[in-house]
Amino acid sequence: MVKPGQPRPRRPQGRWSPVQLSPVILTVVIAGLAYATPPDMAFSRILPAAPALAAAMWPVLPTVALGTVCFLLMIGLSLVFPGLGAWYTVAGIVAVTVAAAYGSHVRLQREQSLFQVRLVADAAQQVVLSPMPRRFGAVEIESLYLAAAAEARIGGDFYEVADTPYGVRLLIGDVRGKGLPAVGTAAAVVNSFREAAYDEPDLAGIARRLEASSTRYNSAFPPDDLAERFSTAVLVEIPPEDNRVRILNCGHPPPLLLNRDGVRVLSPTDPSPLLNLASLIGDCYSTDTFVFTPADQLLLYTDGVTEARDRTGAFFPLTDWMRRRTTPQRPRDLLDGLHRDLLSYSNGGLDDDIAALAVGFRDDPGSGHGLTGRTQH
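Conventions and cut-offs
Residues numbered from 1 in each chain as written. Predicted model: local features only at pLDDT ≥ 70, side-chain atom pairs only at ≥ 80, totals over all residues. Heavy atoms only, no water. Pairing = 2+ DSSP bridges. Helix = DSSP H or I, 4+ residues; strand = E, 2+ residues; numbered from the N terminus. Axes fitted to C-alpha atoms, helices over the stretch in contact; angles between N-to-C directions. Contact = heavy atoms within 4.5 Å. Salt bridge = Lys/Arg side-chain N within 4 Å of Asp/Glu carboxyl O. Buried < 20%, exposed > 50% of the residue type's maximum accessible area, 1.4 Å probe, protein only. Patch = residues over 30% accessible without salt bridge, like charges linked within 9 Å, V, L, I, M, F, W, Y side chains within 5 Å. Areas by Shrake-Rupley, 256 points an atom, 1.4 Å probe, with all protein chains shown as cover. pLDDT = per-residue confidence, 0-100. Parallel < 35°, antiparallel > 145°, perpendicular 65-115°, else oblique. Nonpolar A, V, L, I, M, F, W, Y, C, P; charged D, E, K, R; others polar. Core = buried A, V, L, I, M, F, W, Y, C linked by side-chain atoms within 4.5 Å. Expected span 1.5 Å × (residues − 1). Phe/Tyr/Trp six-rings, centres within 6.5 Å; stacked < 30°, edge-to-face > 60°. Lys NZ or Arg CZ within 6 Å of the ring centre and 35° of its normal.

(A) Broad picture of the sheet that holds strand β1 (residues 134-136). Spatially, six strands are ordered β1-β2-β11-β10-β7-β8 in an open sheet, and the strand pairing comes out antiparallel. Two strands in the sheet have a free side with no partner beyond their single neighbour: β1 and β8 (262-265). Direction aside, the axes of adjacent strands within the sheet are offset by 20° on average. As judged from the three bridges shared by β1 and strand β2 (residues 139-146), these two strands associate in the antiparallel manner. Paired with Phe 136 across the bridge in β2 is Val 139. Contacts from helix α10 (residues 331-345) reach β2, β10 (297-301) and β11 (354-361) within the one sheet, and its direction differs from that of β2 by about 20°.

(B) Focus on the pattern of salt bridges. Under the counting rule described, the total for this entry stands at 11 salt bridges. When the shortest N-O distance is used, the salt bridge between Glu 237 and Arg 246 registers 2.4 Å. Of the residues examined, Glu 237 reaches a relative accessible area of 4% and is grouped as buried. Residue Asp 341 is joined to Arg 340 by a salt bridge in which the shortest nitrogen-to-oxygen separation is 3.9 Å. Its relative accessible area of 23% is what places Asp 341 among the partly exposed residues. Residue class for Arg 340 comes out exposed when judged on its relative accessible area of 52%. Through salt bridges with shared partners, a single ionic network connects Glu 142, Arg 332 and Asp 336.

(C) Seen up close, a nonpolar patch on the surface. Together, Leu 21, Val 24, Ile 25, Val 28, Val 29 and Leu 33 line one region of the surface with nonpolar side chains, adding up to about 460 Å² of accessible area. Relative to the assigned elements, Leu 21 resides in the segment before α1 (22-36).

(D) Expanded view of the confidence of the model for the chain. Across the chain, the average pLDDT comes to 82, with 83% of residues at or above 70. Note on residues 1-8: pLDDT under 50 across the span, and 11 contacts to partners over four residues away in sequence or across chains. Within the model, the stretch residues 364-372 combines pLDDT values under 50 with 27 contacts to residues more than four positions away or in other chains.

(E) The arrangement of the packing of α1 against helix α3 (residues 60-80) in detail. Close contact between α1 and α3 brings their axes to 11 Å; oriented N to C, the two are set at 5°. Comparing the axis directions of α1 and α3 gives the class roughly parallel. Along the contact surface, α1 presents Pro 23, Thr 27, Ala 31, Ala 34 and Tyr 35, while α3 presents Leu 66, Cys 70, Leu 73, Gly 76, Leu 77 and Val 80. Grouping the constituent residues of the contact of α1 with α3 by class yields nine nonpolar, two polar and no charged.

(F) A look at the nonpolar core. Of all hydrophobic cores here, the largest spans 27 residues; its most connected members are Ile 141, Leu 170, Val 236, Ile 238, Leu 298 and Leu 357. Counting residues per element, the ones that place at least two in this core are β2, β3 (157-164), β4 (167-175), β5 (231-238), β6 (244-250), β10 and β11. Element by element, the count of residues in this core is highest for β11, at four residues. The contact partners of Leu 298, leaving out residues within four places of it in the chain, are Val 236, Val 245, Pro 255, Leu 256, Leu 257, Leu 266, Leu 357, Ala 358, Val 359 and Phe 361. Core analysis: the next-biggest nonpolar cluster, separate from the first, contains 23 residues, Ala 204, Ala 233, Leu 248 and Tyr 285 among them.

(G) Representation of α3 in the model. Along its 21 residues, α3 runs 31 Å from first to last C-alpha, staying within 8% of the 30 Å computed at 1.5 Å per residue. Thr 63, Leu 66, Gly 67, Cys 70, Met 74, Gly 76, Leu 77 and Ser 78 are the residues of α3 that are buried.

(H) A look at the pairing of β3. Among the eight residues that make up β3, seven are buried, leaving the element largely enclosed by the rest of the structure. Looking at chain direction, β3 and β4 are connected through eight bridges and run antiparallel. Note on β4: the bridge partner recorded for Val 161 is Leu 170. Linking two consecutive strands that pair antiparallel, namely β3 and β4, is a turn of two residues.

(I) Structural detail: the pairing of β8. Alignment of strand β7 (residues 256-259) against β8, held across four bridges, turns out to be antiparallel. From the neighbouring strand, Asn 259 faces β8, where its bridge partner is Gly 262. Linking β7 to β8, which pair antiparallel, is a turn of two residues.

(J) Fine view of the environment of Arg 244. Positionally, Arg 244 belongs in strand β6. Along the primary structure Arg 244 and Thr 293 are separated by 49 residues, whereas in three dimensions their C-alpha atoms are 9.1 Å apart. Among all residues touching Arg 244, those that are not within four sequence positions of it are Glu 237, Ile 238, Pro 239, Thr 289, Phe 290, Val 291 and Phe 292.

(K) Region of interest: the packing of aromatic side chains. Tallying each qualifying case throughout the model produces three aromatic pairs. Centroid distance Phe 292 to Phe 361: 3.9 Å. Interplanar angle 15°. Geometry classified as stacked. Taken together, the positions of Phe 292 in the loop between β9 (286-291) and β10 and Phe 361 in strand β11 put the pair 69 residues apart, joining distant regions of the chain. Here Phe 361 falls in the buried class, since its relative accessible area comes to 1%. Seen from their ring centres, Phe 316 and Trp 321 are 6.5 Å apart, and the 50° between their planes marks the pair as tilted. Taken individually, Phe 316 and Trp 321 each receive the classification buried, so the pair is uniform in this respect. The ring of Trp 321 carries the charged tip of Arg 325 above its face, separated from the ring centre by 4.1 Å.

Structure, rendered in structure tokens:
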């Protein structure tokens, strides 16, 4: 039952579909066969199936109404065909209708509970996943998020974008594991980035802030689980009035840069430690600097993209897919194509959550492209 003031699940709008009308269609077909065939064929005995089917898709009152119609039809059949033994079927219709009405009531309660859970998931998504698109001068950013389980709405993948005095800064990452602990870790990292991106003068400072937030959050869990509670992440900085892109990679799949010369995998020169593992392997963070030209496309993604499999078990060839993007595309077009081809490649069966950010550079901030330098902090 829905309490006053609570949001209600959306009801189908407009005409009912053939599937929703199937209990009525079934009733008409059974009644027609019962009247048109000899009584010994006894098609009328399957009339209780109609209200049972209605319980799976109709509210309680329409289900009871259909059961009443079946009851009256059976009474009419008993008058047309005396000796049909219709009273056993009438009793069956009454029993099935009562059970179907209760089943419909329970189903509606569960649908309401699922609706409330989805509202919570949507609220969590608003916290972890920033709304897109974003446009900051020459920089245009679009996002893609696909949950492996459609009911979950959100998982351990996360991203964020901030326009700071140091330039446009981006974060994308993936928390090991699934469920609420993964969502909690993702929220802790994203919220820390939203503060650190405006305060820290370099990406290494942001990474240390993210490491501290991740460590504090995971300290609430048993110590023997800490080695399994880590996150991968990529930090990107696009300074204003510059043609450089700075990238700090904490064990995450490397971004791809698409330009007129093809696709470049922006692998880190020296990988930085994964979040929540710096205390074990050190906190030396390395930032690589790349150069872009107008109309370049930068793709950030989580491992759910490259680990999507086809029917033979082969992984999605993301680099080759990017290489086939021969004509300049806007970030939204690039992600729409990736979304479509991922679903087609995996036959709609994604095994992991997927997040991606596409960054386009529209104005001419400079010239040249390639690796220009590396700094360590």
